[in-house]
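# Structural features, examined
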Number of protein chains: 2
Amino acid sequence: MTDKIRIGIAGYGNLGKGVEIAIQENADMELTAIFSKRYDLTKLNHPCKDKIFDAADAHKFKDIIDIMILCGGSSKDLPGQGPLYASMFNTVDGYDNHGNIPNYYNAMNKAATDNGNISVVCAGWDPGLFSINRVLFESIMPQGKSYTFWGPGVSQGHSDALRKIPGVKKAIQYTIPVEDNLGKIKKGGTPVLSIREKHKRECYVVIEEHADKEGIRKSIITMPNYFADYDTNVNFISEEEFVKNHSKMFHGGTVIRNGKTGTDPSNDQALSFSLNLGSNSEFTASVLTAYARAAYRLKKKGCSGAKTVFDIPLKYLSNKTLDELCKELL
Amino acid sequence: MTDKIRIGIAGYGNLGKGVEIAIQENADMELTAIFSKRYDLTKLNHPCKDKIFDAADAHKFKDIIDIMILCGGSSKDLPGQGPLYASMFNTVDGYDNHGNIPNYYNAMNKAATDNGNISVVCAGWDPGLFSINRVLFESIMPQGKSYTFWGPGVSQGHSDALRKIPGVKKAIQYTIPVEDNLGKIKKGGTPVLSIREKHKRECYVVIEEHADKEGIRKSIITMPNYFADYDTNVNFISEEEFVKNHSKMFHGGTVIRNGKTGTDPSNDQALSFSLNLGSNSEFTASVLTAYARAAYRLKKKGCSGAKTVFDIPLKYLSNKTLDELCKELL
């Protein structure tokens, strides 16, 4: 018997591995099982080898996992896996397909509610921590303008889009805030900015031998949604340089709100929240892991259904008691 | 009849005036009454004149004020006023005497609980927004070090301490982060810093004619708790210069946590939250006003007793529905 929160990990890519690391940093948690479709379990040489199971067997763990952290991708994995897991387990995920959040929320809410489980959804850093600050800032200072800048950092979605172009062997895309405009906003301005004025896109691409370099460049810079609306720079590099200089998955960004209170023109008020992340996946995993604690506590209090970061009192994220929080951190 | 949240303001100094302004920015609220001990109500020439009442009559407003925002000072007013108001009204305050928070919380919790009211305590920016981020940061990244820097800005408590010295006519104190050390931390370092290494104190003092300048300087720089542990610079200036250049009550600060996830030494993660406030009192008032909305909603849900920023789901701060928040800001 244990008093620790028993965590399951569904999906064993970078995010799942990040959760595995995060659990070790939290003394009140333990890793119970990892579920994967990808690994040949018999060939695995891994310290947690005996905790890795086929995803098809997850249902057998219903009674010994308190919280399942969903680490699949938002585009292909979570829309199906999410509700399935939510029907069996309390779950936490970092679903990040912004446009589809209401649909995902509804599907998760139904699956969780029908089965008396709790599902914390969209609890990474954006959506997640950035969303918290967008709501906090707007609620406190209605008269003002909010901005979200991402990067400098690696966008997985845009890197994937590059890799799907025929002739592209390896590719990575860095999202970079337009420094001049970010600087103006950091000084308190409230300009209206187009998509192009907020971020630019730097692509580093390794192509197959004899591939059509100019054709690939054109495919990239004209790609709708991903690149066409941005100043996009395409750099063709060797595979050697790619491996050497482009393997870090760093990211970050800033939420800023500039506004004013009252009528005195010098009463400008500026609020900002920033992340500077050496490892995007490990950080996202750490946020999910903290929300796993919150999910565990909400379940103990009898809650069920889907919950967002807007629904969850912050005290549930911490391993400290409310008394300790009030003494030490309030 | 109105559907708006009916707000009372208890205490009509800078903070109370800030709340009066903030209510105008929030379409779902209206100002019902202001309570003051200080004003000669018959001599008042003020647009809200007919809404200002003697604090002794507050009890007559029990049924027509939804939330009373307490705008008295933390050292002298709130310890007595807080529980008294909490026995009659739902309240919100920004009590900020950090060392005494547990006692204040307990007194407010008892008064509110005994009378079926809700009392949101310590809900300004520090304690308040900074506390939220300290808990969020530590919960997400247990392996790391947190820092709180205040300023550059005016400390009311330290300015008051200066003004109590015999021979001092006017005085203001600016709290200033030690730029070199803040810079190191912004770059990701985790040094251990003494009190002196974090902040310095700049005092601007107008003295009475013939007052003992060097004696006053010595009284300031040796004053325990307030100045003795800091590099303190005392500037004696004319009253004219004081009025011209030292009337802005700006403030701000930063909560930073630097840490790492996992074992890769390059996986540094840095989180920060910053405020840059043209008017400290108007901003604090805006935070209290947003928490007044939260108090109103919590009361409607049947809650009572004292609540901190750690207890309150962020959705209750916003005038938007959860659906709107999920669509627009998640």
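Residues numbered from 1 in each chain as written. Chains lettered and ligands numbered in written order. Predicted model: local features only at pLDDT ≥ 70, side-chain atom pairs only at ≥ 80, totals over all residues. Heavy atoms only, no water.

For chain A, the assigned domains are domain 1 (5-126 + 281-321) and domain 2 (144-260). A separation of 29 Å is found between the C-alpha centroids of domain 1 of chain A and domain 2 of chain A. (Domains from an automatic or database assignment.)

A regular strand carries its side chains on alternate faces of the sheet. Residue and element names in this part refer to chain B. Of all 10 residues making up strand β9 (residues 168-177), seven are buried, and the element is well covered by its neighbours. Looking at chain direction, strand β8 (residues 153-154) and β9 are connected through two bridges and run antiparallel. Paired with G153 across the bridge in β9 is T175. Pairing geometry for β9 and strand β10 (residues 199-207), over nine bridges, is antiparallel. When the bridges of β10 are listed, A171 appears paired with V205. (Buried < 20%, exposed > 50% of the residue type's maximum accessible area, 1.4 Å probe, protein only. Helix = DSSP H or I, 4+ residues; strand = E, 2+ residues; numbered from the N terminus. Pairing = 2+ DSSP bridges.)

Taken as a whole and judged by the stated rule, the model has 30 salt bridges over all chains. A salt bridge links D264(B) to K248(A), with the nearest nitrogen and oxygen atoms 4.0 Å apart. Within this pair, whereas D264(B) is found in the loop between β12 (251-260) and β13 (268-277), its partner K248(A) is found in the loop between α9 (239-245) and β12 (251-260), the two belonging to separate chains. K315(B) serves as the salt-bridge partner of D311(A), at 2.6 Å between the closest nitrogen and oxygen. Here D311(A), found in the loop between β14 (305-307) and α11 (322-328), pairs with K315(B), found in the loop between β14 (305-307) and α11 (322-328), and the two come from separate chains. For the residue pair D311(A) and K315(B), the accessibility class agrees, reading buried in each case. Shared partners join several salt bridges into a network, and the residues in it are E138(A), K320(B) and E328(B). (Salt bridge = Lys/Arg side-chain N within 4 Å of Asp/Glu carboxyl O.)

Residues Y85(A), L129(A), Y291(A), Y85(B), L129(B) and Y291(B) are the most contacted members of the largest nonpolar core, which totals 154 residues. If near-sequence neighbours (up to four positions away) are discounted, L129(B) is found in contact with L136(A), I140(A), G124(B), F273(B), L275(B), F283(B) and V287(B). Counting residues in hydrophobic clusters, the runner-up holds 13 residues, among them V168(A), A171(A), I216(A) and V234(A). (Core = buried A, V, L, I, M, F, W, Y, C linked by side-chain atoms within 4.5 Å. Contact = heavy atoms within 4.5 Å.)

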